[in-house]
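# A look at the structure
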Amino acid sequence: MNSNTQLSLFAEANFNQKDLIPTDRKITIPPHTYTDITELTKHCEICHRCGLSENRTHVVVGRGNPQAKIMIIGEAPGQQEDETGLPFVGKSGQLLDKILASVNLNTETDVYICNIVKCRPPENRVPTPDEMEACIPYLLEQIRLVNPKIILLTGATAVKGITGNKQGITKIRGQWMEWEGRLCMPIFHPSYLLRNPSKEKGSPKWLMWQDIQSVKTKFEQLTVNS
Ligand code: SF4
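The notes below deal with the structure included here. Here the structure is a predicted model, which means the values were calculated and not measured.

### Topic: unusual backbone geometry
- Phi at His 32 takes a positive value of approximately 75°, unusual for a residue other than glycine.
- Tracing the backbone through its elements, the reader meets His 32 in the loop between α1 (3-19) and α2 (37-45).
- Look at His 32 and you get exposed, because 9 C-beta atoms sit within 10 Å.
- Not every positive phi belongs to a glycine, and Glu 123 is a case in point at roughly 55°.

### As for the sheet that holds strand β1 (residues 63-64)
- Pairing is mixed across the open sheet formed by 6 strands, whose spatial order is β1-β3-β2-β4-β6-β5. Among the strands making up the open sheet, the edge pair consists of β1 and β5 (177-179).
- Across 2 bridges, the pairing between β1 and strand β3 (residues 111-115) is antiparallel. Across the sheet, residue Gly 64 finds its bridge partner in β3, namely Tyr 112.

### Side note on the nonpolar core
- Counting 50 residues, the largest nonpolar core has Met 71, Ile 73, Val 111, Ile 116, Cys 135, Leu 152 and Leu 153 as its most contacted members.
- Considering every element that reaches this core, the biggest residue donor is helix α5 (residues 129-146), with 7 residues.
- Ignoring any residue separated from it by four or fewer positions in sequence, one finds Val 111 in contact with Gly 64, Asn 65, Ala 68, Ile 70, Met 71, Ile 72, Leu 100 and Leu 105.

About the thresholds
- Residues numbered from 1 in each chain as written.
- Predicted model: local features only at pLDDT ≥ 70, side-chain atom pairs only at ≥ 80, totals over all residues.
- Helix = DSSP H or I, 4+ residues; strand = E, 2+ residues; numbered from the N terminus.
- Buried ≥ 20, exposed ≤ 12 C-beta atoms within 10 Å, placed from the backbone.
- Pairing = 2+ DSSP bridges.
- Core = buried A, V, L, I, M, F, W, Y, C linked by C-beta atoms within 7 Å.
- Contact = placed C-beta atoms within 7 Å.

Have a look at this one:
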């Protein structure tokens, strides 16, 4: 067998391995598996790496600008997200859009939004560690492809899923931290703000206002320096 034939067989073996990603969670998703978000989305759409595939209507991969400097990562799709296939489109999403607009950040051009898991957990429960472990390799590829300078982690599940930090969100929100060479900030999940509507000084909404201004300042600094 000449070396060219051997090489082509090797390439074929690799190709088959990659094909198994959506059906076999034991297959890893190394960096550079996908060339773009479209290719990644095709795998997610047929994915059965965890049990959340059983009840989904749509896989929810992301929305916004896939070249954005800011990436926002939430927990998991809810009912409206499952119905539309888009993240953060329910009441929480509308509030998130308003928060971003308050500092002149546009959801479609300035940010890319996605979740820790891409299929809706039943009754909107928190995804299990097992489900997160199965899905996060897709997210890591998304982060590599979008290549954001800033990552906003909305809520404790997103913080835990990405950084492993298990501290309560009220303790660590608003703090810049570095993860894999990127700036990250934990922020409140918009659904928490919907449950706490007060705008008094020190309230969750007031704190979010401080945090989003800090994000905008950092975004502008990065834009000037890039
Ligand atoms: S949640 Fe993620 S790992 Fe689980 S089936 Fe959906 S896409 Fe696949």
